[in-house]
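# Residue-level structural notes
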Amino acid sequence: MIKKIALILAAFVVVLIGAIATLIATVNPNQFKPLLVEQVAEQTGYEVVIGGDIEWQFWPSLGFSIADVAIKNRPEFDEPDLMRLSRAQLSVDVLPLMSQTLQVGEIVLQDPHIFIQTLVNGESNLTPARQGPVQAAPEQQSSSTPTNSTSDGQSSAWTVSLQGLRVTNASVVIKDNQVDTQTALRDVNIEVGNLKTDVWTPFSMSLRGEQNEATFEAQGQGELKLAADPILSELRELALTVSAQQGDSVLNEANITLDRFALGQAAALGFNVNAQMSEVKIETSGKAQVTVSEMQDKVTAQGLDMLTQLSGEALPGESLTQELAADIVFDAKQQTLDITEMTSRLNTDQVVIDGKMAIKLADIPQIRFALNTNRIDLNTLLPANKAAPRQSANESQSESNDEPSSSAQTASLSQEEPDLSVLKTLDIAGSLAMKGLTVGNITLGQTRATVAIDRGKVDVSELTTQAYEGKVVVQGMLDATQTPARYQLSKQARDIAILPLLEDAAQVDLLEGKGNVDINLQGQGLSPYALRQAIQGSAAIFFEDGAINGINLAQMLREAKATLRGETANKATNDVRKTDFSALTASFTLGNGMARTNDLLLEAPALRVRSEGQTDLLKETLDFDVFTSVVETSKGQGGKDIDELRDVTIPVTVAGTWQAPSYQLDIKQLLSSNKVLEEKARKEAQRGIKKLLGDKADDDKVKEATNKLLNLFQ
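Parameters at a glance
- Residues numbered from 1 in each chain as written.
- Predicted model: local features only at pLDDT ≥ 70, side-chain atom pairs only at ≥ 80, totals over all residues.
- Heavy atoms only, no water.
- Helix = DSSP H or I, 4+ residues; strand = E, 2+ residues; numbered from the N terminus.
- Buried < 20%, exposed > 50% of the residue type's maximum accessible area, 1.4 Å probe, protein only.
- Contact = heavy atoms within 4.5 Å.
- Core = buried A, V, L, I, M, F, W, Y, C linked by side-chain atoms within 4.5 Å.
- Phe/Tyr/Trp six-rings, centres within 6.5 Å; stacked < 30°, edge-to-face > 60°.
- Lys NZ or Arg CZ within 6 Å of the ring centre and 35° of its normal.
- Patch = residues over 30% accessible without salt bridge, like charges linked within 9 Å, V, L, I, M, F, W, Y side chains within 5 Å.
- Areas by Shrake-Rupley, 256 points an atom, 1.4 Å probe, with all protein chains shown as cover.
- Salt bridge = Lys/Arg side-chain N within 4 Å of Asp/Glu carboxyl O.
- Lys, Arg positive; Asp, Glu negative; His and termini not counted.
- Charge placed at Lys NZ, Arg CZ, Asp CG, Glu CD.
- Pairing = 2+ DSSP bridges.
- Polar contact = N/O pair within 3.5 Å; in protein donor to acceptor, adjacent residues only side chain to side chain.
- pLDDT = per-residue confidence, 0-100.

## Notes on the overall build of the protein chain
- Summing up its helical and strand segments, the protein chain has 10 helices and 35 strands in all.
- Counting the 714 residues in the protein chain, one finds 34% classified as buried.
- Taking the contacts inside the protein chain whose residues are at least 6 apart along the sequence as the reference set, 51% of them involve residues at least 24 apart.

Here is the structure:
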């Protein structure tokens, strides 16, 4: 029996081989090429050219190979072919078909090339010149006639597998003339092992490419396990390496690893980057647990831990280090990115930022934040800059001859407005709390700010800081949607120590004491010139228990007293040029490039000083008249030496520049504004002239000359 069966099978094989041999000998597959070309053109509208031969393969698998195939482009496109390849091969194992198994052999594609182009008018070569015929929908079979069912009424289950895919030397070019961009992938090689459900199979790929001026390369490998539902397929041992270059920015190498990936399961992600941007070298490495939800609508990165190191001569200290830890959740449906449990450390503990951020993706991303920082010294993060030496008020007058002219100062102010267009691309709002901040020589204490930037409009609803033993509260807005930009600012400073602030901010020691400042300003234009010329508003000051350095009003009074007596005042070399005061108040109005006051009042132990005048904000010049009066007491600064000048007003002119103010006793004004002093001076002058000229003093011409001289006191 067995022998008969063997003979029957042998006969079947001989017949099959004979049939195949007859088919190969009598049927030439190349005779079908015109039919294939015609059918493709009729169904798709594309012209197909088959330049090579079509070859059969019958054992151990049924298949074919085809060579030199091209799908042609229309003449208006830059390349003649939409797609071409030098060889394609496909086979199906015959015997497994008998057990309802479709086992496809290795698919081989050699030198495939795809060219996709969009013309300026929006036309694409992916749209054929004419559409193929519309196929009528097939009639549904009667439900009473089951198809593809087994005898028990259940559908037949086919098993499909692919023994492999091999793509060699592929290339893709995507060109968009509407935006003038071109992306090209070249030397694309893909190799995939046996693709069968629930079986791990290796894969690898490599490519190089360019996009406009940028070039890049990539290679990767891993293992893939297909599932009956492709979306449930898994990856493991994934490794990807990328390098790129654009101009002087170079991505030397970026490595990404993933231990295993499946929907709903956490995967260990690792990465490291080595790059060079201009003269700065960048090295980054990190890890996280990444999860993609089963609904594919959320991506979570838990425990992100990243270290970035920057090095280069352009950096302060030639290096910077940043450590970042955070949890990140991306919601694909809501298009939101939430960053929580965030801690960033710059140079270990120089700058520590913690808090949270939320980003909603849109045409202009919406960013919200709540951040806290430690005490930050920005000087350690900025390039070294030699600070100007501090100039004391007692030194300023001696350098007045070297000051630049006011016209030169005005000419040096730029009228170029800053480019604020970037503000129109921002939608940011949040709060920032700082334990302290040092910028240059200025040191601030605890600071809190609430800021919003909405498409070009900046709103600082709160900025509060502890500074120089006091407190400063600032509110303001900036509208960059207008040209030039418009701004408003209000500021209240309370109990500020004036001297250390002036020394730190401007390297001068003009004032001492504690004070309050109220400022309300507005204007249009942010160039250095516009900030002074177009600013408008008011300012008020109240200082107490301080001193004005650089001027000794008591000494000036002694000089005035000596002048009235015709004497020369003794100038002690150790006299301090300083005037103490118990209170100093003033209000200023600003406009048209000037700051004016008419109510400056200084109350000193033995003096009362009032002042009026203006300062030119563009030329930085001073023009003030200061009037000093002696009060009742003989105590305090000046003492009994100035008691004789009680109720006498002493005028002083303040001129010069901000950097080098000058002070001058106005003798003529002193005499003309004090009738008793004027009369006494006239009598002393007449007595002196008569003593000097004798009998000639009664001569008419001498009297006329004398009267002209005495009129100088009026």
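The rest of the description comes next.
## Concerning the nonpolar core
- Of all hydrophobic cores here, the largest spans 46 residues; its most connected members are Leu-511, Phe-543, Phe-581, Leu-584, Leu-590 and Leu-602.
- Apart from the residues within four sequence positions on either side, Phe-543 is in contact with Ile-498, Leu-511, Lys-514, Gly-515, Asn-516, Val-517, Phe-581, Ser-582, Ala-583 and Leu-584.

## Here's the deal with the packing of aromatic side chains
- Scanning all chains against the criterion turns up 0 aromatic pairs.
- One cation-aromatic arrangement involves Arg-236 over Trp-200; the distance from NZ or CZ to the ring centre is 4.2 Å.

## Brief notes about the environment of Asp-53
- Mapped onto the fold, Asp-53 is located in the loop between strand 1 (48–50) and strand 2 (54–57).
- Sequence-wise, Asp-53 and Asp-68 are 15 residues apart; in three dimensions their C-alpha atoms are separated by 8.1 Å.
- Discounting residues that sit within four places of it in the chain, Asp-53 has contacts with Asn-30, Ser-65, Ile-66 and Ala-67.

## What to know about a negative patch on the surface
- Together, Asp-248, Glu-279, Glu-313 and Glu-318 give the surface a local cluster of negative charge.
- Relative accessible area serves as the criterion here: at 57%, Glu-279 is assigned to the exposed category.

## Some details on the pairing of strand 32 (residues 607–616)
- As defined by bridge partners, strand 31 (residues 594–603) adjoins strand 32 across 8 bridges and the pair is classed as antiparallel. Residue pairing across strands places Thr-597 opposite Gly-613, the latter belonging to strand 32.
- Where strand 31 folds back on strand 32, the antiparallel hairpin that results is connected by 3 residues.
- Pairing geometry for strand 32 and strand 33 (residues 621–630), over 10 bridges, is antiparallel. The residue bridging Asp-616 from the neighbouring strand is Thr-621, located in strand 33.
- Hairpin connection, strand 32 to strand 33: the antiparallel pair is bridged by 4 residues, and Glu-620 has positive phi, about 60 degrees.

## Observations regarding unusual backbone geometry
- In this structure, the amide linkage connecting Thr-483 to the following residue, Pro-484, adopts the cis form with an omega of -5 degrees.
- Position of Pro-484 among the secondary structure elements: in the loop between strand 26 (470–479) and strand 27 (486–497).
- Its identity is not glycine, yet Glu-469 carries a phi of approximately 70 degrees, on the positive side.
- Following the sequence through the fold, Glu-469 ends up in the loop between strand 25 (457–467) and strand 26.
- Among the residues examined, Glu-469 registers a relative accessible area of 60% and is labelled exposed.
- Positive phi, normally seen in glycine, also occurs at Gln-507, with a value near 55 degrees.

## Quick word on the pairing of strand 35 (residues 661–665)
- Here strand 35 shows one buried face, formed by Pro-661, Tyr-663 and Leu-665, and one open face, formed by Ser-662 and Gln-664.
- Connecting strand 34 (residues 649–656) to the next strand, strand 35, in antiparallel fashion are 4 residues.

## What about the pattern of salt bridges?
- Taken as a whole, this structure holds 19 salt bridges when the rule is applied.
- Note that Lys-514 is salt-bridged to Glu-469, the shortest N-O span being 3.2 Å. With Lys-514 in strand 28 (residues 511–524) and Glu-469 in the loop between strand 25 and strand 26, this pair connects stretches of sequence that are 45 residues apart.

## Brief notes about a nonpolar patch on the surface
- A contiguous nonpolar surface patch, about 270 Å² in accessible area, is contributed by Trp-56, Phe-64 and Leu-90.
- Locating Phe-64 in the fold gives a position in strand 3 (residues 61–72).

## Quick look at the side chain of Asp-297
- Following the sequence through the fold, Asp-297 ends up in the loop between strand 16 (280–292) and strand 17 (298–311).
- One buried charged residue, Asp-297, remains without a salt bridge, the closest side chain of opposite sign being Lys-333 at 4.1 Å.
- One polar contact links Asp-297 to Ser-293, side chain to side chain, over a distance of 2.6 Å.
- If near-sequence neighbours (up to four positions away) are discounted, Asp-297 is found in contact with Phe-330, Asp-331, Ala-332 and Lys-333.

## Details of the environment of Leu-478
- Here Leu-478 lies in strand 26.
- You can call Leu-478 buried: its relative accessible area is 16%.
- Put simply, Leu-478 and Ile-453 are 25 residues apart on the chain and 9.2 Å apart in space, counted from C-alpha to C-alpha.

## Topic: the confidence of the model for the protein chain
- With 73% of its residues at a pLDDT of 70 or more, the protein chain has an overall mean of 81.
- Residue range residues 396–401 is modelled with pLDDT below 50. Its contacts to residues more than four positions away, or to other chains, number 10 contacts.

## Regarding the side chain of Ser-65
- Tracing the backbone through its elements, the reader meets Ser-65 in strand 3.
- With sequence-adjacent residues up to four places away left out, Ser-65 is seen in contact with Asp-53, Ile-54, Glu-55, Arg-87, Ala-88 and Gln-89.

## As for the environment of Ser-319
- Within the secondary structure, Ser-319 sits in strand 18 (residues 319–331).
- As for Ser-319 and Val-280, which are separated by 39 residues in sequence, their C-alpha atoms are 9.0 Å apart.
- Other than its neighbours up to four places away in sequence, Ser-319 contacts Leu-310, Ser-311 and Asn-347.

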